[in-house]
Structure formats: structure tokens, C-alpha cells
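The lines below spell out each chain.
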Amino acid sequence: MASLTLPNHYLPTLLRPHSATNPSSQNLPLPSTPPNSHFFGLKLSHSAVSSIPSSSSLKPSIFAKVSKGSKPPNFTLKDQNGKNVSLANFKGKPIVVYFYPADETPGCTKQACAFRDSYEKFKKAGAVVVGISGDDPSSHKAFASKYKLPFTLLSDEGNKVRKEWGVPGDFFGSLPGRETYVIDKNGVVQLVYNNQFQPEKHIDETLKILQSL
Amino acid sequence: MYSLTQHKYTPIFHYQVCKIRPLLHPSRVYCSITTTTTTTTIISKPRTNDKSLVIEPRLIPEPLTVVTTGNHRPMINDQSLQSTWSHRAWVAAGCTTLLISLGESIKGAMDLNIWIEPILASWVGYILADLGSGVYHWAIDNYGDDSTPIVGAQIEAFQGHHKWPWTITRRQFANNLHALARAVTFTVLPIALVCHDPIVQGFVGVFSGCIMFSQQFHAWAHGTKSRLPPLVVALQEAGMLVSRLQHAAHHRPPYNNNYCIVSGVWNEFLDKHKVFEAMEMVLYFKTGVRPRSWSEPASEWIEEIETPSQIQAQ
């Protein structure tokens, strides 16, 4: 399968993900199947070719951007109840980790509600859904209770995990990216889906892949 | 059986001549009305079964509140909707500025014998004016309040417009346009006097002209087909002026689309590609400020629905 990482020559300059603070989010200028519109819905798949490390990178730990086929690094973050939750807790079952910009913003609300509304389908597939943003646990608690979200929201304060996983931002990093990872029961990433302005599509794409696992 | 809309106001209601004329032929109307501070509309059935309309104003004292011009419901013949000489002066200044700019453009085009470039520049001005109107409208609708420096009064006016959209159709011409005419005079007159390039003047003249008259196009977009001049309706249907349908969509919750009010040509693109949502998100992450359209509309924003009989009964 062709490897592609948001090819520069295809996207308008303005819409390229930033790489200022994250040298590991490299762009390989390879041809891609054109998406319907700009940066709405880009499936990132990475096969044998891995990211080329930047010569300016000083932190080897963020070299390995999480991509399809790789095993993501573990993390331990606080959930909406202040409890520590680790990725390792979910070993043995598929997990959907979705990074979103912030609680109580229109796109994120649509996305959370869409995950909530399809939650039975995720449960049926035996999958766990986890949302991660930079908001603190109290913000997550209010957000989850307002919209009756049945899944875990984790606080990635300082956006450490976001940077570790290499989640690309939008508009030169002005906006935290909206990216979803589907990790199978063996802990291997099977899908990386990025779409800032069509949040409901994340649910469709992840369900599709879960059904095939 | 009639449905009767009642207003809570004191029954002192003197008027001499109160005639509604189409917006293009403004006439001065003198009315003096005294009202209480707040009004709400109630639809109720008359108590008697006969066909005579019985208006029973009820005096229900409201808690005393400080009311500014923007917060009280404007009556049809409200003084605040009429043009003053100051308004007319600003509109005249604005139009003069435009004429100078366009005159420079035509004169320059004749001298240099170039026509395509100034005409193209004028067209670009027309197209970009629509975009500019949308961005400005989005900013005013979503950020700031009446205490914001320079544009505070405008923000309040826009809020009032969302609550009583029909008022704009009752506003006299110079009253409606004077603020934009003033802005155009200050920004464009220096350019018009200093720059003699016909292409630049073509762009500037048409751009600022469209911006200045955007309030008129906006008022027409709130009009009804039967009351608008046929030429205006034709231009709206041709997509050269913002259509009534498109603009009506802006006045429905969540009030976050169809911001452009010159031709509306940019609305579909901007809404489809969530351009304003993107800008709102970036601004939120940079400044922490949430736009108004993200929250449930506050009561000051929600349109006060009226029945036609209510307007007639005034």
C-alpha cells in the first residue's frame, strides 16, 4: 500500500500540519488518492517506510510517530474522576483512542455525542473508547456529565502524549489536531484517521475497521 | 375569532400621521409614544364573541431596569429609526467619496485608454466586498459587547437586529447607512485624493461602495417580495444581491452561517468549508475567548416573533 503522510504538494500551504514542535511528523511527498476536499478526512497509513528522523531532533523518544503497524508508547493520564488510567490497562481488547481539541467546542461535542450514540456498536465489537484532550479532569467531568458520555475522557495536560504520539496540528499548530487511532487487541495500531471539521466521520471509519478486525 | 397580540404598555398613545412608506421613498413621520420599559408579546383570544377588536392594554409593572436604546423594542415609528440631518450629511459625504474614487478611475481609464483592467478590478472589488462583509459581520456577531471600544454601539445594534430583524425594513435610508458612510468617508477619501491609478480606484470605489450599501442590500434581504422593487427582486434572484432566503438562514439558530450580505456569493463556500468555525477554534485556542454562536442563544439574541396584526395595530 502506498505510504502517505499528508503530502505537501497536494495540500494547499495553509493546510499543512505543523512540524515546528514535533520534528517526527515528517512529510513524505508521495502521491495519494485525492480526498474529497482539502484536509477533510485523510487516512494515514504507514507501511514499511518509517519517518525520516529530522537532523534537528534532540529527543529520540518522539522520533517514532505512532502510525499504522506500530505499537504506541504507554501513557498514564487522569480520567474525568481523577483516577489514573494507563493504556496498558486495556491490553487484550481493541481500543479506540481519539484525540480532540477541547471540551465544549462544537466539533468536539458533535464527535463525543456521535461516539456516545454509537457506543453500543463499539461495545458489541468488544472495543473501548477513550477520548484525550488537553483539558483538566474537572472540565472532562462537566463535559461528560452534560452530554451523558459513557466512555473515559483523559486529561493530557501539557499535551505531552499528543506530542509523543505525533498527532499533527492544523493551521501551523494553531489548532490541536483531531486524530483517532484504532489499536487492536495485540496493541498494534490498525488505523490512524485525521479529520478536523467532519468529526462524525471518525465514528464511521473506526467502526468500519473494528468490524474487520 | 381573532388572535390578539397584546403589549404591556401605558395606554397613552398619540399620533398624528403614521403612514408606512416603502424604504426607497422615506418620509418623515411624527409620532409620540410613551411606553414602559419592557414589552413582551402575548397571543390571546378576545373575551367577547363579537367581531370588534377590543384592545385591552394591561398595566403590569415590570421591575425597574436600566434600558439603553438597543434593549427596548423599537416601535414602527420610533424616532431611532428615522434619519437626522447628521445621518444625511454622512451619507452625502460617503457618496461624494465614492464618486470621487469612481470618477478618478474613469478619468484615469480614459487618459490611459485602458478599460479591461479597471473593470476587472471593479469586479474583484465587488466579489471581495461580499467576503469582507461576511468576516466583519461574523466578528461583530460573535465577539465583544456594547462596552467594546469603537464598535460597541455596532455590536449592540447587531444584537438588537437579531432580536427584531424586521426593524431594518422600517429604518430610513440615511439612518441605515450613515455609520458605514462615515467609515467609508474616513478611509476612502484620503485614498481617493492621493491615488490616481484607475485600476486601484476602480477596486477601491466598487469595494467601498458595496460595503457602504451593504446595509441597504441587507434591508432588502429582510423585505418581502411583494413590497420590494421588481429590479431588486430580479437582482436577488440572479445572485447579484444577497437573497432573502439565504439571509433568513442566518437568522435561525445557531446563527452561525450565511454571514455575507453583499451578494452572498461567498456564503456557500465559507459554510461548506467551515471557515468561520476554523477561525473560531483558532481564536479560542489563542485567546481563550468563545464566540457567541457556540453557546445557546441568549435571550437578547433570540428573535421576538410578531404577527402582522401586531404591526398594523400600532
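Residues numbered from 1 in each chain as written. Chains lettered and ligands numbered in written order. Predicted model: local features only at pLDDT ≥ 70, side-chain atom pairs only at ≥ 80, totals over all residues. Heavy atoms only, no water.

Taking an unreviewed UniProt entry as the reference, chain B is identified by name as Transmembrane protein 189 family belonging to Cajanus cajan. Looking at the Sequence similarities (unreviewed entry) heading of the UniProt record, one finds this comment for chain B: "Belongs to the fatty acid desaturase CarF family." Here chain B is described in UniProt, under the heading Subcellular location (unreviewed entry), as follows: "Membrane". (UniProt positions renumbered as here; feature names shortened; annotations may be inferred.)

Under the annotation held in an unreviewed UniProt entry, chain A carries the name Peroxiredoxin Q, chloroplastic and is attributed to Cajanus cajan. Listed in UniProt under the heading Catalytic activity (unreviewed entry), the comment for chain A reads: "a hydroperoxide + [thioredoxin]-dithiol = an alcohol + [thioredoxin]-disulfide + H2O". The annotation that UniProt attaches to chain A under Subcellular location (unreviewed entry) is "Plastid, Chloroplast thylakoid lumen".

Undergrad: Whenever I open this one, the packing of helix H1 (residues 85-112) of chain B against helix H5 (residues 173-194) of chain B confuses me. Can you help?
TA: Packed helix pairs are characterised by how far apart their axes lie and by the angle those axes make with each other. All names here are of chain B. As a packed pair, H1 and H5 sit with axes 7 Å apart at the nearest point and diverge in direction by 40°. Accordingly, the angle class assigned to the pair H1 and H5 is oblique. Relative to H5, the crossing made by H1 is left-handed. Of the residues that constitute the contact of H1 with H5, the class distribution is 14 nonpolar, seven polar and three charged. (Axes fitted to C-alpha atoms, helices over the stretch in contact; angles between N-to-C directions. Helix = DSSP H or I, 4+ residues; strand = E, 2+ residues; numbered from the N terminus. Parallel < 35°, antiparallel > 145°, perpendicular 65-115°, else oblique. Left-handed = near helix turned anticlockwise from the far one by under 90°. Nonpolar A, V, L, I, M, F, W, Y, C, P; charged D, E, K, R; others polar.)

Undergrad: Sorry if this is basic, but what is going on with unusual backbone geometry here?
TA: Across residues other than glycine, the phi torsion is negative in most instances, and most of the peptide bonds are trans. All names here are of chain B. Cis geometry is adopted by the peptide bond preceding proline 254, which originates at proline 253 and carries an omega value of 0°. Along the chain, proline 254 falls in the loop between helix H8 (244-250) and helix H9 (267-272). One non-glycine residue, asparagine 113, lies in positive phi territory at about 55°. By the element assignment, asparagine 113 lies in the loop between H1 and helix H2 (116-142). The class of asparagine 113 is exposed, set by a relative accessible area of 60%. In this model, lysine 274 sits at a positive phi of 50°, which is unusual for a non-glycine residue. Structurally, lysine 274 can be placed in the loop between H9 and helix H10 (275-287). (Buried < 20%, exposed > 50% of the residue type's maximum accessible area, 1.4 Å probe, protein only.)

Undergrad: Even after reading the chapter, I still don't get the pattern of salt bridges, so can you show me in this structure?
TA: In a structure, side chains of opposite charge can pair up when their charged atoms sit close to one another. All names here are of chain A. Under the defined criterion, the tally for this structure stands at six salt bridges over all chains. Here lysine 123 and glutamate 120 are joined by a salt bridge, their closest N and O atoms 3.8 Å apart. Within this pair, lysine 123 and its partner glutamate 120 are both found in helix H2 (residues 119-124), separated by three residues, close to a single helical turn. The exposure class assigned to lysine 123 is partly exposed, which follows from its relative accessible area of 47%. Judged by relative accessible area, which is 53%, glutamate 120 ranks as exposed. (Salt bridge = Lys/Arg side-chain N within 4 Å of Asp/Glu carboxyl O.)

Undergrad: For this particular structure, what's the right way to read the nonpolar core?
TA: Residues and elements named next belong to chain A. Of all hydrophobic cores here, the largest spans 24 residues; its most connected members are Tyr98, Phe115, Phe122, Val129, Leu149, Phe151 and Leu153. Elements represented by at least two residues in this core include exactly strand S4 (95-99), helix H1 (106-117), H2, helix H3 (137-146), strand S8 (189-194) and helix H5 (200-212). For this core, the leading source of residues is H1, giving five residues. Beyond its immediate sequence surroundings of up to four residues, valine 129 is in contact with Val96, Tyr98, Phe115, Tyr119, Phe122, Phe151 and Thr152. Counting 20 residues, the second-largest nonpolar core is a separate cluster that includes Leu154, Val161, Val167 and Ile183. (Core = buried A, V, L, I, M, F, W, Y, C linked by side-chain atoms within 4.5 Å. Contact = heavy atoms within 4.5 Å.)

Undergrad: Just to check I follow, could you spell out the packing of aromatic side chains for this structure?
TA: To describe a pair of aromatic rings, you give the distance between the ring centres and the angle between the ring planes. For the coordinates displayed, the defined rule picks out 23 aromatic pairs over all chains. When the centroid spacing of 5.8 Å and the interplanar angle of 80° are considered together, the rings of phenylalanine 99 of chain A and tyrosine 181 of chain A count as edge-to-face. Residue phenylalanine 99 of chain A is found in strand S4, and its partner tyrosine 181 of chain A is found in strand S7 (residues 179-183); the two are separated by 82 residues along the sequence. This pair shows no difference in class: phenylalanine 99 of chain A is buried, exactly as tyrosine 181 of chain A is. Members of the aromatic cluster, connected to one another through ring pairs, are Tyr98, Tyr100, Phe115, Tyr119, Phe122, Phe143, Tyr147 and Phe151 of chain A. The ring of tryptophan 85 of chain B has arginine 88 of chain B lying over it, and the distance from NZ or CZ to the ring centre is 4.6 Å. (Phe/Tyr/Trp six-rings, centres within 6.5 Å; stacked < 30°, edge-to-face > 60°. Lys NZ or Arg CZ within 6 Å of the ring centre and 35° of its normal.)

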